[in-house]
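Below are the chains, spelled out letter by letter.
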Amino acid sequence: MAHRPKRTFRTRRADSSDSDGAEEPAAEPREPAKLAAPSPEEEDPPPGGGRAEAAERPLRGRSPRGRGRGRVWASSRRLRADRGSGVPESRTVDLSTDEEYGTHHASESVDDQSSSSDSSSSLDEEFSSLAITNEETSEESQEDENQDIWEQQQMKKAVKITEGRDIDLSHSSEFQTVKKFDTSISFPPVNLEIIKKQLNTRLTLLQDTHRSHLREYEKYIEDVKSSENAVQNLENSSNQALSFKFYKSMKIYVENLIDCLNEKIINIQEIESSMHALLLKQAMTFMKRRQDELKHESTYLQQLSRKAETSANESLAIDENTQRILEELESRRARRRQARALSENCDHQEGTSSDDELSSVDMIDFQKSQGDILQDHKKIFEDVHDDFCNVRNVLLKFQQWREKFPNSYYEAFIGFCIPKLLNPLIRVQLIDWNPLKFDSIGLKQMSWFISIEEFMDNSVEDSQKEDSSDKKILYTVINKTIIPQLTDFVEFIWDPLSTSQTTSLITHCRMILEEHSTCESEVSKGKQDLLKSIVSRMKKAIEDDVFIPLYPKSAVENRASPQSKFQERQFWSALKLFRNVLLWNGLLPDDTLRELGLDKLLNRYLLIALLNAMPGPEVVKKCNQITAYLPEKWFTNSAMRTSIPQLENFIQFLLQSAYTLSKSEFRDKVKEIILILVKIRAMNQAESFIEEYHLDHLKSVINEV
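Residues numbered from 1 in each chain as written. Predicted model: local features only at pLDDT ≥ 70, side-chain atom pairs only at ≥ 80, totals over all residues. Heavy atoms only, no water.

Within the chain, the secondary structure is distributed over 26 helices and zero strands. The contacts of the chain with a sequence gap of at least 6 include a subset with a gap of at least 24, amounting to 76%. Of the roughly 41,900 Å² of accessible surface on the chain, a fraction of 51% belongs to carbon and sulfur atoms. (Helix = DSSP H or I, 4+ residues; strand = E, 2+ residues; numbered from the N terminus. Contact = heavy atoms within 4.5 Å. Areas by Shrake-Rupley, 256 points an atom, 1.4 Å probe, with all protein chains shown as cover.)

What follows is the structure, encoded as structure tokens:
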């Protein structure tokens, strides 16, 4: 900014710019001076600058009459006066012309306010470039000239500000004028569809924007959660050392446990095989002995019957082997009779004994072999720490992991791995376990079973989850370890004719299958294999061990005859198997039991023997025994008037026996037969029989049911 020079008041000379301006006509048309824009070096020199600089610059434009400094100052003064008094621009002189030139540039860029400012700046520069010198002026006039130049610059600044405001106002006015509604302009027709389309477009844009904002919001939420997790992890970073130490120790423990089990599994399998082979040998000994004795005794009695038919005087020649077998058989029977007599068991029937006694020599050999196996069994883990061979201690290790770091425990699916680790340890405990012995310990009383239950009960996992890995540990152990053991016993060692073995086996199977039902809705392959083995073994027993011979009535009328005794023993032996088969009620399907018990045993063997027997109390006793073994649930429907189809032959035999007994001295046994018919829900047959033979006194038996 130029500094105002010091003002020296002097008397103006007569040839001032005012007189010069008066000489020229105001209305004379004049062409505006064409002034060149100053170069960057020529912008606004300081008003007190030397005349040499002004003289060195060539004059860019002069008035035709060569106006001097007075004209410039007067023009600027007149411009200021004209603006203040509102005189039209046509009365101004050269300066007004230049002003119009600047204003013209401002009006050409009315839409851009910055263009107006540039035009005003250009105008200032033109005025600055006119520092017309007069070589004839004196030193005093130079000072006045400097003063005038400074005043002129100040006036130009004021003009610039004023023009800028005028241009802004004119621009605003024109803008407002454009905004006014012109009724002469015609617009396209507007209907609801167009408005609706525009609104839908606007709505779509807003919805897109809203979805974009939602995505951003969700991203921010995720960032917040991620940050919170990071903070939590950082807060827990102090526990990383302890976690690392625990995981390292657990890794070492599991590796050592696996190495130990891999080394011991060979010994476990060898001892298992030895014990299984010993029990199998014993079972095969009993089975072969029973079948050999049955074969030799049947052959001997057939020969005896043929001899009785041909000649009673000739002696029956038998070989020494048969003689020895029959003597041993009779010796065992005598010992059993003596034992029953001492125990006062008078209800026993010949043929229902298991006949599983061993000779003293065989017993000693068996016990010695079993003892050796159990000694080897004790040595399996004698050099192993309890943490690697005790089921409870192993589970405690994993329980510590589950309690300290449950997330990693469940993410590693340890619940699915534990049954595989426990399998060798449980098999060791099952080496001396025989599920066919009546005094064998139950699975629920075993230490490993109790330890697994405690481990499952202490699980921190959500108990409502049906697919919880820890909740299936016991189920998996039973399915992968216990059921295969039972299946082997059923296929190779179990004797279906032994009631004690069958009862013990059913007890264990019932517990296992019930445990399966609580853990698994679907039937597992292990369970299916076990049930198939049970059915297959009973079918084999029916085919190989059931034999009821038929002798002439003359041979069986005498109940003391060997033929009659043998037939009775075989009948009761078959009836015993009939009972053992039906003991599986609830574990095997009803259709399977009816096929095995009723079709294959009752109708094929037992009824034939009853039909060839003499009617009497013994027949009624046998029929009562058959009925007692039938499952009660088959006859619980009170609306039944006809029994199940498989009992139709048995019902007909009962009706025939009742008719025969009603005409004999044992007519009082008819009531027992009617009771049997009522028990098996043969109501229609019983009522028809009573009405047909006018047994009105037996109607009360039916009415009481």
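Here the narrative resumes, following the displayed structure.
Let us look at the pattern of salt bridges. Summed over the entire model, instances satisfying the criterion amount to 28 salt bridges. With its nearest N and O atoms 2.9 Å apart, the salt bridge here joins Asp495 to Arg290. Taken as a pair, Asp495 in the loop between helix H16 (473–493) and helix H17 (499–519) and Arg290 in helix H8 (residues 240–310) lie far apart in primary sequence, 205 residues in all. Look at Asp495 and you get buried, because its relative accessible area is 11%. Lys633 is paired through a salt bridge with Asp590; the nearest N and O atoms lie 3.3 Å apart. On the criterion of sequence distance, the pair formed by Lys633 in the loop between helix H22 (617–629) and helix H23 (648–662) and Asp590 in helix H21 (residues 590–611) is long-range, its members being 43 residues apart. Using a relative accessible area of 43% as the deciding quantity, one classes Lys633 as partly exposed. Taking the relative accessible area as the measure of exposure, Asp590 reaches 26% and is therefore partly exposed. (Salt bridge = Lys/Arg side-chain N within 4 Å of Asp/Glu carboxyl O. Buried < 20%, exposed > 50% of the residue type's maximum accessible area, 1.4 Å probe, protein only.)

On to the packing of aromatic side chains. Applying the stated criterion across every chain, the model contains 14 aromatic pairs. Relative to Trp584, the ring of Trp494 lies with its centre 5.8 Å away and its plane at 75°, an arrangement referred to as edge-to-face. Taken as a pair, Trp494 in the loop between H16 and H17 and Trp584 in the loop between helix H20 (562–582) and H21 lie far apart in primary sequence, 90 residues in all. This pair shows no difference in class: Trp494 is buried, exactly as Trp584 is. An aromatic cluster is present here, built from Phe246, Tyr247, Trp401, Phe405, Tyr409 and Tyr410 joined pairwise through their rings. A cation sits over an aromatic face here: Arg402 above Phe455, 4.0 Å from the ring centre. (Phe/Tyr/Trp six-rings, centres within 6.5 Å; stacked < 30°, edge-to-face > 60°. Lys NZ or Arg CZ within 6 Å of the ring centre and 35° of its normal.)

Moving on, we get to a nonpolar patch on the surface. The grouping of Val190, Leu192, Ile195 and Leu199 at the surface amounts to a nonpolar patch, some 440 Å² of accessible area in total. Secondary-structure assignment places Leu192 in helix H7 (residues 192–235). (Patch = residues over 30% accessible without salt bridge, like charges linked within 9 Å, V, L, I, M, F, W, Y side chains within 5 Å.)

Now for helix H18 (residues 525–545). A rise of 1.5 Å per residue sets the reference length of H18, with its 21 residues, at 30 Å; its end C-alpha atoms lie 30 Å apart and thus fit the reference within 8%. Within the span of H18, buried status applies to Gly526, Lys527, Leu530, Leu531, Ser533, Ile534, Val535, Arg537, Met538, Ala541, Ile542 and Asp545. (Expected span 1.5 Å × (residues − 1).)

A few words on the environment of Ala609. Within the fold, Ala609 resides in helix H21. When the C-alpha atoms of Ala609 and Pro549 are compared, they prove to be 8.2 Å apart, with 60 residues separating the residues in sequence. In this view, Ala609 contacts Ile548 and Phe571; residues no more than four positions away in its chain are not counted.

In this structure, Arg569 sits in helix H20. Beyond its immediate stretch of four places on either side in the chain, Arg569 contacts Glu297, Arg333, Glu350 and Gly351.

With that settled, consider the nonpolar core. Phe398, Trp448, Ile452, Ile534, Phe578, Trp584 and Phe650 are the most contacted members of the largest nonpolar core, which has 125 residues in total. The dominant element in this core, judged by the number of residues it contributes, is H8, at 13 residues. In contact with Ile452, not counting residues within four places along its chain, are Leu395, Leu422, Ile426, Ile473, Leu474 and Val477. (Core = buried A, V, L, I, M, F, W, Y, C linked by side-chain atoms within 4.5 Å.)

What follows concerns the packing of H21 against H22. Relative to each other, H21 and H22 sit at 160°, their axes nearing to 11 Å. As judged from the angle between their axes, H21 and H22 are roughly antiparallel. For the pair H21 and H22, contact is made by Leu602, Leu606 and Leu610 and by Val619, Lys622, Cys623 and Ile626, respectively. Among the residues forming the contact of H21 with H22, the class breakdown is six nonpolar, no polar and one charged. (Axes fitted to C-alpha atoms, helices over the stretch in contact; angles between N-to-C directions. Parallel < 35°, antiparallel > 145°, perpendicular 65-115°, else oblique. Nonpolar A, V, L, I, M, F, W, Y, C, P; charged D, E, K, R; others polar.)

Okay, the environment of Ile506 next. Among the structural elements, Ile506 can be located in helix H17. Placed 77 residues apart in sequence, Ile506 and Leu583 show a C-alpha to C-alpha distance of 8.0 Å. With residues near it in sequence (within four places) discarded, Ile506 still touches Leu583, Trp584 and Leu587.

Here we take up unusual backbone geometry. Of note in this structure, Phe413 is not a glycine but carries a positive phi near 55°. Here Phe413 lies in the loop between helix H13 (406–411) and helix H14 (414–429).

So, about the environment of Leu486. With respect to the helices, strands and loops of the structure, Leu486 is situated in helix H16. For Leu486, a relative accessible area of 0% corresponds to the buried category. Placed 19 residues apart in sequence, Leu486 and Leu505 show a C-alpha to C-alpha distance of 8.4 Å. Not counting residues up to four positions away in its chain, the partners in contact with Leu486 are Trp433, Pro435, Leu505, Cys509, Ile512 and Leu530.

This part covers helix H24 (residues 670–679). Within H24, the full set of buried residues consists of Val670, Ile673, Ile674, Ile676, Leu677 and Val678. Those residues of H24 that are buried lie in contact with H22, H23, helix H25 (683–692) and helix H26 (699–703).

Averaged over the chain, the pLDDT score is 78; the fraction of residues at 70 or greater is 72%. Within the model, pLDDT remains below 50 along residues 1–130, and this stretch shows 135 contacts once partners closer than five positions in the same chain are excluded. (pLDDT = per-residue confidence, 0-100.)

So, on to the packing of H16 against H18. Running from amino to carboxyl end, H16 crosses H18 at an angle of 10°, the nearest separation of the two axes being 9 Å. Here H16 lies roughly parallel to H18, going by the angle between them. Contact residues: Asn479, Ile483, Leu486, Thr487, Val490 and Glu491 in H16; Gly526, Lys527, Asp529, Leu530, Ser533, Ile534 and Arg537 in H18.

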